[in-house]
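Observations on the three-dimensional arrangement
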Amino acid sequence: GAATSPPRAAALAAASLAAMDNDTARYYRGVDLTLTGDALRAELSRTKAFASHCEARVEHERDECEQLRDEVARCAERMRELERARETASLEKALVDKENEQLATQLDIMLLEVEQTERQRLHERQKREAAAAGGVDDDDDDDD
């Protein structure tokens, strides 16, 4: 191909350095664009080694991302478990509240029955006492 003039080559190198990430740019700042022969082969070897380093770094980053995805999935599952537990506890609380309400109603009914029974007994006793005072026994039992 046509040879690129050194000033143009330097301008192209500067433009491509600006577009590269830090590691790549740091690597290429040291590259002499006028290399030939053995020096070019040595540079190619360095470039391949750097490419291997980049691939290893990408693989490491990929592994870390996978670990983070796994951790996020575990956290999401734990959050779902906690939400289910919260819903269950909420339902159980509602049941306990309902049972307490029913028990309170039963207790109110029992108290009313006790009051009613006490009033009936009082009324019967008063009737017996009035009958005894008047000498008339008008209750139906034979306990005297």
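Going along each chain's sequence as written, the residues are numbered from 1 onward. pLDDT decides what is reported in this predicted model: residues at 70 or higher carry local features, side-chain atom pairs at 80 or more are listed and counted, and totals for whole chains, interfaces and linings draw on all residues regardless. Values shown for side chains rest on all heavy atoms present in the structure; no hydrogens or waters enter the calculation.

**Re the overall build of the protein chain**
Summing up its helical and strand segments, the protein chain has 3 helices and 0 strands in all. Comment: elements are numbered from the N terminus, with helices defined as DSSP H or I runs of at least four residues and strands as E runs of at least two. Going from N to C terminus, the protein chain has its helices and strands arranged as α-α-α. Residues counted as buried form 6% of the 144 residues belonging to the protein chain. Note that accessible areas follow from Shrake-Rupley with a 1.4 Å probe, and for residues the cover is restricted to the protein chains shown. Working note: accessible area of the protein chain is about 12300 Å², and carbon and sulfur atoms make up 56% of it. Any residue under 20% of the maximum accessible area for its type is buried, any over 50% is exposed, and the rest in between are partly exposed; the area is computed with a 1.4 Å probe on protein chains only.

**Topic: the pattern of salt bridges**
Definition used for salt bridges: Asp or Glu carboxyl oxygen within 4 Å of a side-chain nitrogen of Lys or Arg. Applying the stated criterion across every chain yields a total of 12 salt bridges. For the salt bridge of Glu 77 with Arg 84, the shortest nitrogen-to-oxygen distance reads 3.3 Å. Look at the salt bridges and you will find they share partners, linking Glu 77, Arg 80 and Arg 84 into a network.

**Considerations on the confidence of the model for the protein chain**
pLDDT expresses, on a scale from 0 to 100, how confident the predictor is about each individual residue. This prediction gives the protein chain a mean pLDDT of 84; 72% of its residues lie at or above 70. The least confident element of the protein chain, judged by mean pLDDT, is helix H2 (residues 22-29) at 63; the most confident is helix H3 (residues 37-134) at 93.

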